[in-house]
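This is what each chain is made of:
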Amino acid sequence: MPVTALRLAIGAGLVTALAAGLALYGTGSTGGNGAGPCAPSGAALARVSAAARGEVAAMQAPETPRPAPDIAFKGPDGAEMRLADLRGKLLLVNLWATWCAPCKAEMPALDRLQGALGGADFAVVAINLDTRNVDKPPLWMRENGIATLAYYADPGGRVLPAIQRDTGSTGLPTTMLIDAAGCTVGVMKGPAEWSGEDGRNLIRAALGRS
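Just so it is clear, the model here is predicted, and its values are computed rather than measured. (Residues numbered from 1 in each chain as written. Predicted model: local features only at pLDDT ≥ 70, side-chain atom pairs only at ≥ 80, totals over all residues. Heavy atoms only, no water.)

## A word on the pattern of salt bridges
Across all of its chains, the model carries seven salt bridges by this definition. For Arg158, the salt bridge goes to Glu80, with nearest N and O atoms at 2.9 Å. With Arg158 in the loop between β6 (152-153) and α5 (159-167) and Glu80 in strand β3 (residues 80-82), this residue pair connects regions lying 78 residues apart in the sequence. According to the relative accessible area criterion, Glu80 is partly exposed, its value standing at 45%. Close ionic contact of Asp154 with Arg158 constitutes a salt bridge, the shortest N to O distance being 3.7 Å. (Salt bridge = Lys/Arg side-chain N within 4 Å of Asp/Glu carboxyl O. Helix = DSSP H or I, 4+ residues; strand = E, 2+ residues; numbered from the N terminus. Buried < 20%, exposed > 50% of the residue type's maximum accessible area, 1.4 Å probe, protein only.)

This is the structure we're talking about:
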């Protein structure tokens, strides 16, 4: 084969390979183009962003939905469990502690929200972070009439650093809104009046009911 023809054949082969690579991998980004396991959660994220107003205006929707960290903690029966065990429903995952005054102040509202909207497709998962006097948090809940929230706890201190790394939140309370696919569609840094109309509308919007 003449040298010129050989060069043309090689060039055509490189172009074909490059085109195939682009078709297979797209632009190489899994965030901006909506690819990845959380791509179907984009619609829920958009609804959350639009509904974050009034008493829940501080709810921050990420630029794109992302898999929530699969944290491990203790369930209501004291057995070890993971966040993925609750997949299949919308979760409002709240981190709280008895030494955190704003956390305790918002617990009654979270309890009312669970009572109003909790069910097969939604749950408030309030995870206590006390690592000392571990009998104190459930006693505090009973004494303060927190009756509808299940008791989840992390006495080993593993959850907080994992959530801090994921959300960039450095304080408590921190709350994550995680859809049924296990993807984060909102983060709240600080307390909120969850049981008010704004809070309920936010949950309904995330569920696609608004």
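## Examining α5
Among the residues making up α5, those that are buried are Val159, Ala162, Ile163 and Thr167. Angularly, the buried residues of α5 cover 110° about the axis, an arc narrow enough to put them on a single face. Gly168 sits one or two residues past α5 and shows a positive phi near 80°. (Arc of directions from axis to C-beta.)

## Points about the environment of Ala147
By secondary structure assignment, the location of Ala147 is in the loop between α4 (136-143) and β6. Looking at Ala147, the relative accessible area reads 66%, which means it is exposed. Ala147 sits 33 residues away from Gln114 along the chain, and the two C-alpha atoms are 9.7 Å apart.

## Things to note about the packing of helix α3 (residues 101-117) against helix α6 (residues 197-207)
Two elements in contact, α3 and α6, have axes separated by 11 Å at closest approach and are oriented at 50°. Here α6 runs oblique to α3, going by the angle between their axes. Along this stretch, α3 crosses α6, giving a crossing that reads as right-handed. Here Leu113, Ala116 and Leu117 of α3 come into contact with α6, specifically with Arg200, Ile203 and Arg204. (Axes fitted to C-alpha atoms, helices over the stretch in contact; angles between N-to-C directions. Parallel < 35°, antiparallel > 145°, perpendicular 65-115°, else oblique. Left-handed = near helix turned anticlockwise from the far one by under 90°. Contact = heavy atoms within 4.5 Å.)

## Brief notes about the pairing of strand β8 (residues 183-189)
Taking burial as the measure, the seven residues of β8 include six buried ones, the bulk of the element. For strand β1 (residues 66-67) and β8, the ladder comprises two bridges, and the chain directions are antiparallel. Across the sheet, Arg66 pairs through a bridge with Thr184, a residue of β8. Between strand β7 (residues 174-178) and β8, which pair antiparallel in sequence order, lie four residues; one of them, Gly182, sits at a positive phi of approximately 85°. (Pairing = 2+ DSSP bridges.)

## Examining the pairing of strand β5 (residues 122-128)
Within β5, seven of the seven residues are buried, leaving the element largely enclosed by the surrounding structure. Residues Phe122, Val124, Ala126 and Asn128 of β5 are buried on one face, and the alternating residues Ala123, Val125 and Ile127, pointing to the opposite face, are buried as well. Handedness of the crossover joining strand β4 (residues 90-96) and β5 through α3: right-handed. Bridge analysis of β5 against β6 gives two bridges, and the strand direction is parallel. In the strand pairing of β6, Asn128 is matched with Ala153. (Right-handed = clockwise from strand over helix to strand, strands pointing away.)

These figures capture arrangement, not role.
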